[in-house]
Each structure stands twice: as structure tokens, then as C-alpha cells.
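Letter by letter, the chains look like this.
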Amino acid sequence: MSYLVFARKWRPQGFEEVLAQDHITVTLRNAIESGRIGHAYLFAGPRGVGKTTTARILAKALNCEKGPTPDPCRVCSSCMRITAGSDLDVLEIDGASNRGIDEIRDLREKARYSSAGGGWKIYIIDEVHMLTREAFNALLKILEEPPPRVLFVFATTEPRKVPATIVSRCQRFDFRRIPAAQMAEYLAREAAGEGIEAEPEALAMVTRASGGSLRDALSIMDQLVSFTGGRITREGAASLLRVVQDGILEGIVGAALAGNPGGALDRVSEAFALGYSVEELNESLVEFLRNLLLAASGGEAGLSDLSEAEAGVFRNLASATCDTAVLDMLRIVASAAAEARQSSQPRILLESAIVAASRLSWAVSLESLPRVTPAAPAEPRAVRPDAPPRPAAAPARRERVEAAPVSPGAESRRSDGIRQSPAEPGYSAGPGDPSAGGDAPGDGHVPAGGGETPGDSEITQSLLDLFDAVSRDRTTDRRSR
Ligand SMILES: [Zn+2]
């Protein structure tokens, strides 16, 4: 297959083809139509989002043989030369390698002569923030007294490093990152135009890896086409981009959230066996947990750069857990990942983080207490010799909890500090409470006979004891640290 690299082949030739920068291209078109062309433009924005491309289209629009026109013909000799980068009146200068005063003085001399073709002379200075202070001063002199029909387009990824004296003499345009949905749609369309089959999941991965830079996305597409032989698949993209496949991550996170450290560690070993490095696994895990957190907390907008199938995975996992559990796991894994970068034993850090995260699951099961079946053994409470005496309020709390088996986890926490009287709203008495006299409460909070199953209340009580014991253990741990 012979082809131009996508980044060149798919380079927009007209304003209407520039992706996701309508706020700029519309203004430029209007300026050309009304003949109000400035002397200097500052194009600011992240790399690979169309700054120099737009500058070239602007040059074509001004110097087209049928122009100035907002729609350059693309076929006249001027348009062709600008597209090929061989036009003597359109000079592209790399600010990073021509940053000294001599280059700018030279430019100033040349700018005095009118253009060869009788049109505009256009200087496109890329990465202009790299110029030295002296070079900026020389540039400022030109901008203070601009020669007629000379246009400067300064492109920069770091506008804050451009001196204010320069910025104030430019019309500034801020280019934005290409939104994921728009980029994925664009890639799908262009690939289809080339007869390249591309799976939506693979394009979503490319979009994510590009970080909103179209140039990066196109160069990944190039690599993928050579790598997969013309068919862009999810596996191919995952393998080239070294993204750990979601199936593995789902296995690790799912097992950890279910309180199964062994299962989670097995999946980790599997990932290593597939050749992923600790760093790749850490990064992918953090990204996965971040998406899961969004799904669990209802922040759906953040999932918009995922394909529908991928988002479905997160919604599904999220429905079985709560955002607090995911947040705790994310914190543990992210801090282990940060530590792993400095460590000679990064794998151990990752594995311990997975085990620690799996141990968090008891907190989740406490919240979902009503689902605990009586088959769970009620462990006798181990009284530690150094344990402080139980607070006097404890027995009252237990009665309360027995009385409200519907959400004992929430009840027990609330009643830890606040003792409610039967008259207060929200108090729900059950058969175990003598003051209630066996009457069913008005709010229907307690199901009939809810507190009468001895198994339920025993389990609730022993879980509360366990909760106390663990809290005490943690406090002791913290003190001894
Ligand atoms: Zn033309």
C-alpha cells in the first residue's frame, strides 16, 4: 500500500475543514471578506490542533489568484506552492531553532521588500515563545511600524511566555483541544474514506491516547495501519498503545471490590505474563478506576470519550459498588503508583495496594448488611486486654439497631452520637423496644416481624462488634505508628 502519512494527506485545505476551531475560522473568514486583515495574529493552543494549518489556509486565502477569498481555490499556482511549502512569500520559521536576534534582524530586512507575487508576505513563526529577549525586541520594532501587506502569524503552545508588548500588538486566537467525540467521528470518517476498517473501541483508544491533538491521533493511525495491516482493531490498538485491555482491569478491580484479593492478584499476574510493565499496569488501573469513579458518582459527562460498550463496563461495575469504595481504592492504587516510580520493587507495591484495596470491601458489605445471610458464622468478640471499656451508650444502640433491621449500617452510625427519644421524628421503634408496646411504627420503616428473626439480629450485632473491633485496631495502629 502506498500512501502519504495521514497527518499530511488529511491536512485541511480550507477553513471549513479545520476541526473543532469554528470560533476562529469563522472570524478569519469574516476578516478576509471585509478586508480587515491585521498585521499580526497570535495563535495559541496545545500542539497538533491546527495552528499552523490554519495559518497556511489564511496565507492561501490572501494570496490565492482568485483572492483574497475565504475559500481559496486550492489549484492555482499560489495555492499549490503554499500547500507544498515552497512559496517564497510564505515563510515558515521555527522559533525554537531560529531564536536569536540575528535571525529576526534578517527577517526584518527581508520584510521590507514587497512580495515576489505582488500579494501578501506572510511570516509564520512557530513556537514563538522560544525567541530570546533581544529577538523579541527586534520583532517588536517591526510590529510597531509594520510594512504594508506583511502579515505575521505567531503560533505558540505557551502564550504566557510571549512578552505582553508583543501580545498586545496581535489579534489573539485561542485554539482548543479537539473534543473526543468529534475526533473519533472524524477518524472514523477518514478511515472509511480510505477503505480502512476501524473498530469504534480502537478509535476511542486512539482518541484518548492523543490527548486532543489531531496530529498525534493521525500519527497513531499511521502506525496502526502499518502494524495491523490495514484493519484497525481493538486488540491492535491496545497492543500498540500499550494500554492494558479493559478485560484484565475489570477482572482486577471487580475481584478487589468483591473482597477477593487472591482473584485480583491472579489477574495481575496474568497481565504481567502478557508482557505489561508495572508502570503500564499502574497507569491503566488508575485511569480505569477514575472512569469507574465517574460512573459510580454519576459524573457521566466524563465518560463521553469512551465507546458505548466501554462505558457499559463501567456502569455495570458501578452498579455493584459505591463511589466511596471506588474512591478509597483509587487513592490506594494511585499513591502506590506514585511510590512505585521511585521504588526498586514496584511490583510489590502494586500487589500490596491490590490486597489493601481488596480488604476495604468489608466496609462495603457493612453498608449492604440486609443482604447478609444467616449462614455467615457469628464470631465471638475477642476482648483485647488493652481495649477501653465499652461506652455506656452501647447497649441502647444495640437495641436500636435490632429494632431497625432495614438499614442497620446507617442507623448504627447515626445513633453512635445522637440518642433519639421515641417522640422524635425518624425514631423507629420495634418489638424489642419496651416503650413501643409492640405497636407497629407509623412510617412503616420496620417490616412486620423484622426484629423477630433471631438470626438477623445476632448477625447484625456481631458485625457491629466486628466494626468496633476493627475501628479500635485501626486507632491502635495509628497510635503505634
Ligand atoms: Zn488559489
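Preceding this section is the structure that the text describes.
Here is a short report on the structure shown in this document.

Reading guide: rules and limits
- Residues numbered from 1 in each chain as written.
- Predicted model: local features only at pLDDT ≥ 70, side-chain atom pairs only at ≥ 80, totals over all residues.
- Helix = DSSP H or I, 4+ residues; strand = E, 2+ residues; numbered from the N terminus.
- Buried ≥ 20, exposed ≤ 12 C-beta atoms within 10 Å, placed from the backbone.
- Contact = placed C-beta atoms within 7 Å.
- Core = buried A, V, L, I, M, F, W, Y, C linked by C-beta atoms within 7 Å.
- Pairing = 2+ DSSP bridges.
- Arc of directions from axis to C-beta.
- Axes fitted to C-alpha atoms, helices over the stretch in contact; angles between N-to-C directions.
- Parallel < 35°, antiparallel > 145°, perpendicular 65-115°, else oblique.
- Nonpolar A, V, L, I, M, F, W, Y, C, P; charged D, E, K, R; others polar.
- Left-handed = near helix turned anticlockwise from the far one by under 90°.

**With respect to the overall build of the protein**
Reasoning step 1: Helix and strand counts for the protein come out as 21 helices and seven strands.
Reasoning step 2: Split into buried and exposed, the 481 residues of the protein put 36% on the buried side.
Reasoning step 3: If you take every contact in the protein between residues at least 6 apart in sequence, the share linking residues at least 24 apart comes to 74%.

**Quick look at the nonpolar core**
Reasoning step 1: Of all hydrophobic cores here, the largest spans 110 residues; its most connected members are Val153 and Leu292.
Reasoning step 2: For this core, the leading source of residues is helix 14 (residues 278–297), giving 10 residues.
Reasoning step 3: Setting aside residues up to four positions removed in sequence, Leu292 forms contacts with Val253, Phe314, Leu317, Ala318 and Val326.

**Structural notes on the pairing of strand 3 (residues 121–126)**
Reasoning step 1: In terms of residue burial, strand 3 counts as a mostly covered element, since six of its six residues are buried.
Reasoning step 2: Residues Lys121, Tyr123 and Ile125 point to one face of strand 3 and Ile122, Ile124 and Asp126 to the other, with burial holding for every one of them.
Reasoning step 3: Of the pairings in the sheet, the one linking strand 2 (residues 90–94) to strand 3 comprises five bridges and is parallel in character. Opposite Ile93, over in strand 3, you have Ile125 as the bridge partner.

**Structural notes on helix 9 (residues 200–210)**
Reasoning step 1: Most of helix 9 sits inside the fold, with nine of its 11 residues counted as buried.
Reasoning step 2: Next to the buried residues of helix 9 lie helix 8 (180–193), strand 6 (197–198), helix 10 (214–228), strand 7 (231–232), helix 11 (234–240) and helix 15 (308–319).
Reasoning step 3: Of the residues trailing helix 9, Gly211 is marked for its positive phi of about 60 degrees.

**Some words on the environment of Val18**
Reasoning step 1: Looking at the secondary structure, you find Val18 in the loop between helix 1 (6–9) and helix 2 (22–33).
Reasoning step 2: For the pair Val18 and Thr54, spaced 36 residues apart in sequence, the C-alpha to C-alpha distance is 7.3 Å.

**A word on helix 4 (residues 77–84)**
Reasoning step 1: Listed in full, the buried residues belonging to helix 4 are Ser78, Cys79 and Ile82. On an axial view of helix 4, the arc spanned by its buried residues comes to 100 degrees, and they lie on one face. For helix 4, exposure combined with an orientation more than 90 degrees from the buried face picks out Ser77 and Ala84.
Reasoning step 2: On its buried face, helix 4 sits against helix 3 (51–63) and strand 2.

**What about the packing of helix 12 (residues 246–257) against helix 15?**
Reasoning step 1: For the pair helix 12 and helix 15, the least separation of the axes is 12 Å and the interaxial angle reads 5 degrees. Comparing their axes, helix 15 and helix 12 come out roughly parallel. Between helix 12, through Asp246, Glu250, Val253 and Gly254, and helix 15, the contact on the second element is made entirely by Glu310, Val313 and Leu317.
Reasoning step 2: Residue composition of the contact of helix 12 with helix 15, grouped by class: three nonpolar, one polar and three charged.

**Remarks on the environment of Ser284**
Reasoning step 1: Assignment of secondary structure puts Ser284 in helix 14.
Reasoning step 2: Among the residues examined, Ser284 registers 21 C-beta atoms within 10 Å and is labelled buried.
Reasoning step 3: In sequence terms Ser284 and Asp246 are 38 residues apart; their C-alpha atoms lie 8.7 Å from each other.

**A short note on unusual backbone geometry**
Reasoning step 1: Residue Arg74 is not a glycine yet carries a positive backbone phi of 75 degrees.
Reasoning step 2: On the secondary structure map, Arg74 appears in the loop between helix 3 and helix 4.
Reasoning step 3: A positive phi angle, near 55 degrees, is found at Arg149, a position not held by glycine.
Reasoning step 4: Here Arg149 shows up in the loop between helix 6 (133–144) and strand 4 (150–156).
Reasoning step 5: Its 16 C-beta neighbours within 10 Å are what place Arg149 among the partly exposed residues.

**A closer look at the packing of helix 14 against helix 17 (residues 346–359)**
Reasoning step 1: Viewed as axis vectors pointing N to C, helix 14 and helix 17 meet at an angle of 30 degrees, and their least axial separation amounts to 10 Å. What the angle tells us is that helix 14 and helix 17 run roughly parallel. Both helix 14 and helix 17 take part in a crossing whose hand is left-handed. In this structure, helix 14 uses Val278, Leu281 and Asn282 to contact helix 17, whose residues at the interface are Pro346, Arg347 and Leu350.
Reasoning step 2: Considering only residue class, the contact of helix 14 with helix 17 consists of four nonpolar, one polar and one charged.

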